[in-house]
Amino acid sequence: MAAKSKSKGPSLLSCFGYPLSIFFIVINEFCERFSYYGMRAVLVLYFKYFLRWDDNLSTAIYHTFVALCYLTPILGALIADSWLGKFKTIISLSIVYTIGQAVMAVSSINDMTDQNRDGSPDNIAVHVALSITGLILIALGTGGIKPCVSAFGGDQFEDHQFAIKNRFRHRSKEYPKREHWLDWASEKYDKRLIAQTKMVLKVLFLYIPLPMFWALFDQQGALQIQPDQMQTVNPILIVIMVPVVDAVIYPLIQKCKINFTPLRKMTVGMFLAGLAFIAAALLQVQIDKTLPVFPAAGQSQIKIINLGNSNADVTFLPDLQNVTVPPMGSTGYTMFETSQLKSVIINFGSENRSEIIDSTSSNTHTVTIKNAATGIVSSLQSDNFTSKPEEGKNLVRFVNNLPQTINITMGDTHFGMLEETSISNYSPFSGGRTDDIVITTGSTNCTTTSEALGYGGAFTIIINQCSDGVTQLRYIEDIQPNTVHMAWQIPQYFILTCAEVVFSVTGLEFSYSQAPSNMKSVLQAGWLLTVAVGNIIVLIVAGASKLSEQWAEYVLFAALLFAVCIIFSVMAYFYTYIDPNEVEAQLDEEEKKKQIKQDLNSYEKESEAVSQM
């Protein structure tokens, strides 16, 4: 239908200068993208918190899925261009896509295998199998229709509706007659097919450096710095920036007499993506400054809390390091080699007491000390945390500085009975909120409200008084809460969105404009293949990299993209734009002349034969 409309026949119905059918295609594509990105945005969270996979496996499966989504366009292109056609391919694979989303939704229903109704699936293997099946079907569906939608949309336009035909200022006006290795196939295949294959291969060669862009871009789904909801910034900015860039930025550049060709736009997009990762690295450096230092292998750390009313001298053995802790004061976590931290000697004046440190089960410890009426009292607690709390939650524990045993409840969490100087275990609480604290001592109840503790910290709350309804608490910050606001990620998302607009949108346009009429889906599939290879690069680099710092990995990817950007700019400089319609029109003319010549020769032979008779 599209091919005919460009050459002859009645004009298609149009609206606002666009073919009416385009609006149906756009709505369909909007729904498909909403389905895909909505599912992908929570995919890593689903792997981690429902299927209980660790971070490395979740990230690996995520990138494998994305890579598969961009490998299957090759299958979709072959089906569309050589068998069903674009429309039937879109319809057929959309059904597969829908089934995949349904299977994925069913896999997340925990009640399906939750026989004991405890809120967790009893047979996780069933959910894993359904999830993998659903993801494969989704990859076949979304990948299969990707190369067809853009090409099918382009087919709806007539010649006078193409702005792209006037955008190239340095394209070749003649069909290039250079020798090519494909010319060796001229004895077996016709000239048209060889010429069309040359056009496709010429563009595919230009695509070789492009996967590095997608290696950076697609990490926004798996390597987020803070909460996963930040991923919604990208689609919102896309909706805003596409019309702004097309209606404002590009016309301004054109008025400046700058020939901003598609390949130059793509080069700028790659450069902007690298800048976005540099911005991410700078932000990560600031976040790392707020992170606590946890002991490595062969190391231990210890905190001392003085609950008494006089100075305490503490000596660490066998290191012999000494520290004085003021009354109602505490130290930070002090790092030691495990071999140099076997015990501590506590001195209050002439009294002393020793506490043995056992680092076999934990390498992070807290010791509470107090000069009570009966002598020195101390308690040792293994802290048992090895990382900063995730998802903005806080860790809270209590220390009893009362002479009697108490019972503590905070919110809905019961901490149990604590004797004098005893330390409870940490319990997680949602960040940014306050909770009621209830302390029970015999027949006395004390109720108070906790402070708002921020996000991502760990706190020790010392109970110093509970009598006559009066409660005195003291808060010690064990791990500093998050101080870098999530909004600082917006600049890097803005830069990355600008990169996507000038790179991805232009790349799809370029692929369509440089493809012959019967290979447009194939070239679209080639473009999408670069996305698959980019995700494979992430898996390879992440697996081979020995970098322990996240910011260093961001800088590594940015440096690789800058290097590839230079290579691509050189390749783009030597690229000659073509108009496939002109090439095919020239081939049509040559075939027409050849046919006329053959008909003339045949007529002459028939005339000669008749005259001889």
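Because the structure is predicted, anything quoted here is derived from the model rather than measured.

So, on to the overall build of the chain. On a plain count of helices and strands, the chain comes out with 15 helices and 18 strands. Buried positions account for 45% of the 613 residues belonging to the chain. Residue pairs in contact within the chain that sit at least 24 positions apart in sequence constitute 71% of those at least 6 positions apart. On the chain, roughly 31,300 Å² of surface is accessible, and the fraction owed to carbon and sulfur atoms is 61%.

Now for the sheet that holds strand β18 (residues 470–479). The strand order across the open sheet built from 4 strands is β14-β11-β17-β18, with neighbouring strands paired in mixed fashion. The open sheet has two free edges, formed respectively by β14 (427–429) and β18, since each of these has just one partner strand. For this sheet, the mean inter-axis angle between neighbouring strands, taken without regard to orientation, is 35°.

Our focus in this paragraph is a nonpolar patch on the surface. Among the surface-exposed residues, Leu68, Leu71, Leu75, Ile132, Ile136, Leu140, Ile536 and Ile540 lie close enough to one another that they form a single nonpolar patch of about 610 Å² accessible area. Mapped onto the nonpolar patch, the elements with two or more residues apiece are α4 (55–71), α7 (124–155) and α13 (520–544). In terms of residue count, α7 provides more of the nonpolar patch than any other element does, 3 residues in total. The residue Leu71 is located in helix α4 in this model.

This part takes up the nonpolar core. Phe65, Phe213, Leu263 and Met270 are the most contacted members of the largest nonpolar core, which has 72 residues in total. Here this core takes 9 residues from helix α14 (residues 550–573), the largest share from any one element. If you count residues domain by domain, this core takes at least three from each of domain 1 (15–159) and domain 2 (188–288 + 485–581). The residues touching Phe213, leaving out its near neighbours within four places in the chain, are Gly269, Met270, Ala273, Ala499, Glu500, Phe503 and Leu561. By size, the runner-up hydrophobic cluster in this structure holds 17 residues, among which are Ile408, Met410, Ile463 and Cys466.

If you walk through the whole model with that rule in mind, you get 24 aromatic pairs. Ring geometry for Tyr46 versus Phe47: centroids 6.2 Å apart, planes at 50°, classification tilted. The same class applies to Tyr46 and to Phe47, which are both buried. Relative to Phe336, the ring of Phe316 lies with its centre 4.9 Å away and its plane at 45°, an arrangement referred to as tilted. Highlighted residues: Phe316 in strand β4 (residues 312–318) and Phe336 in strand β6 (residues 334–337), separated in sequence by 20 residues. On the accessibility criterion, Phe316 (2% relative accessible area) is buried. Its end group placed over the ring of Tyr575, Lys202 keeps NZ or CZ at 4.8 Å from the ring centre. The side chain of Lys265 reaches across the aromatic face of Tyr250, ending 3.9 Å from its centre.

Okay, the sheet that holds strand β16 (residues 444–449) next. Taken in spatial order, the 4 strands make up an open sheet running β13-β12-β15-β16, and their pairing is antiparallel. The sheet is open, and its two edges are formed by β13 (413–418) and β16, each paired on a single side. With strand direction ignored, the average angle separating the axes of adjacent strands in the sheet is 15°. Sheet analysis places strand β12 (residues 406–410) next to β13, joined by 5 bridges and oriented antiparallel. Residue Asn407 lies in a different strand from β13, and its bridge partner there is Met417.

What the rule picks out here adds up to 1 disulfide. Shown here is the disulfide that connects Cys446 with Cys466, its sulfur atoms set 2.1 Å apart. As the torsion about the S-S bond is roughly 105°, the Cys446-Cys466 disulfide counts as right-handed. With Cys446 in strand β16 and Cys466 in strand β17 (residues 458–467), the pair connects residues that are 20 residues apart, well separated along the chain.

Below, the discussion takes up the packing of helix α2 (residues 20–41) against α4. The interhelical angle for the contact between α2 and α4, taken along N-to-C directions, is 160°, at an axis separation of 12 Å. Classified by the angle their axes make, α2 and α4 are roughly antiparallel. Like other packed secondary-structure pairs, α2 and α4 cross with a definite hand, here left-handed. Judged by residue contacts, Arg33, Tyr36, Tyr37, Met39 and Arg40 of α2 engage Tyr62, Phe65, Val66, Cys69 and Tyr70 from α4. When the residues that make up the contact of α2 with α4 are grouped by side-chain class, the tally is 8 nonpolar, no polar and 2 charged.

Our next topic: the environment of Leu182. Residue position: Leu182 is located in the loop between α7 and α8 (191–206). For Leu182, a relative accessible area of 13% translates into the label buried. Here the alpha-carbon distance between Leu182 and Ile194, two residues 12 residues apart in the chain, equals 6.6 Å. Residues contacting Leu182, with those up to four places away along its chain left out, are Ile194, Thr197, Lys198 and Leu201.

Below, the discussion takes up the packing of helix α12 (residues 490–513) against α13. Axis separation between α12 and α13 bottoms out at 9 Å; the angle between their running directions is 150°. For the element pair α12 / α13, the angle class is roughly antiparallel. Crossing hand, α12 versus α13: right-handed. Of α13, the residues touching α12 (which contributes Phe503, Ser504, Gly507, Leu508, Ser511 and Tyr512) are Lys520, Leu523, Gln524 and Trp527.

So, on to empty space enclosed by the protein. Taken as a whole and judged by the stated rule, the model has 2 cavities of 30 Å³ or more. There is about 40 Å³ of room inside the second largest cavity. Every residue lining the second largest cavity is listed: Asn394, Val396, Met410, Phe429, Ser430, Arg433, Asp435, Ser450 and Leu453. Across the lining of the second largest cavity, the residue classes break down as 4 nonpolar, 3 polar and 2 charged.

Strand residues, when the strand is regular, have side chains that alternate between the two faces of the sheet. Pairing between strand β7 (residues 341–348) and strand β8 (residues 351–356): 6 bridges, direction antiparallel. The partner of Val344 across the bridge, within β8, is Glu355. The loop that links β7 with its antiparallel partner β8 comprises 2 residues; one of these, Gly349, has a positive phi angle of about 65°.

What follows is about the confidence of the model for the chain. Residues with a pLDDT of 70 or more make up 90% of the chain, whose mean pLDDT is 82. Within the chain, helix α1 (residues 2–7) has the poorest average pLDDT of any element, 40, and strand β11 (residues 394–400) the best, 93. Below a pLDDT of 50 lies the segment residues 1–9, which in the model reaches 13 contacts outside its immediate sequence neighbourhood of four places, other chains included. Every residue in residues 222–227 scores below 50 in pLDDT, and together they form 21 contacts with partners more than four places removed in sequence or on other chains.

Turning to α7, a few remarks are in order. In this model, α7 (32 residues) spans 47 Å end to end at C-alpha, consistent with the 46 Å of a helix rising 1.5 Å per residue. Of all the bends in α7, the largest measures some 35° and sits at Lys146, one to four residues before the proline Pro147.

What counts as what
Residues numbered from 1 in each chain as written. Predicted model: local features only at pLDDT ≥ 70, side-chain atom pairs only at ≥ 80, totals over all residues. Heavy atoms only, no water. Helix = DSSP H or I, 4+ residues; strand = E, 2+ residues; numbered from the N terminus. Buried < 20%, exposed > 50% of the residue type's maximum accessible area, 1.4 Å probe, protein only. Contact = heavy atoms within 4.5 Å. Areas by Shrake-Rupley, 256 points an atom, 1.4 Å probe, with all protein chains shown as cover. Pairing = 2+ DSSP bridges. Axes fitted to C-alpha atoms, helices over the stretch in contact; angles between N-to-C directions. Patch = residues over 30% accessible without salt bridge, like charges linked within 9 Å, V, L, I, M, F, W, Y side chains within 5 Å. Salt bridge = Lys/Arg side-chain N within 4 Å of Asp/Glu carboxyl O. Core = buried A, V, L, I, M, F, W, Y, C linked by side-chain atoms within 4.5 Å. Domains from an automatic or database assignment. Phe/Tyr/Trp six-rings, centres within 6.5 Å; stacked < 30°, edge-to-face > 60°. Lys NZ or Arg CZ within 6 Å of the ring centre and 35° of its normal. Disulfide = S-S within 2.5 Å. Parallel < 35°, antiparallel > 145°, perpendicular 65-115°, else oblique. Left-handed = near helix turned anticlockwise from the far one by under 90°. Nonpolar A, V, L, I, M, F, W, Y, C, P; charged D, E, K, R; others polar. 1 Å grid on protein atoms, 1.4 Å probe; cavity = no way out; pocket = protein on both sides within 12 Å on 5 of 7 lines; lining within 4 Å. Points joined across faces, edges and corners; volume = space filled by probe spheres on them. pLDDT = per-residue confidence, 0-100. Expected span 1.5 Å × (residues − 1). Bend = angle between axes of the 7 residues up to and from the residue.

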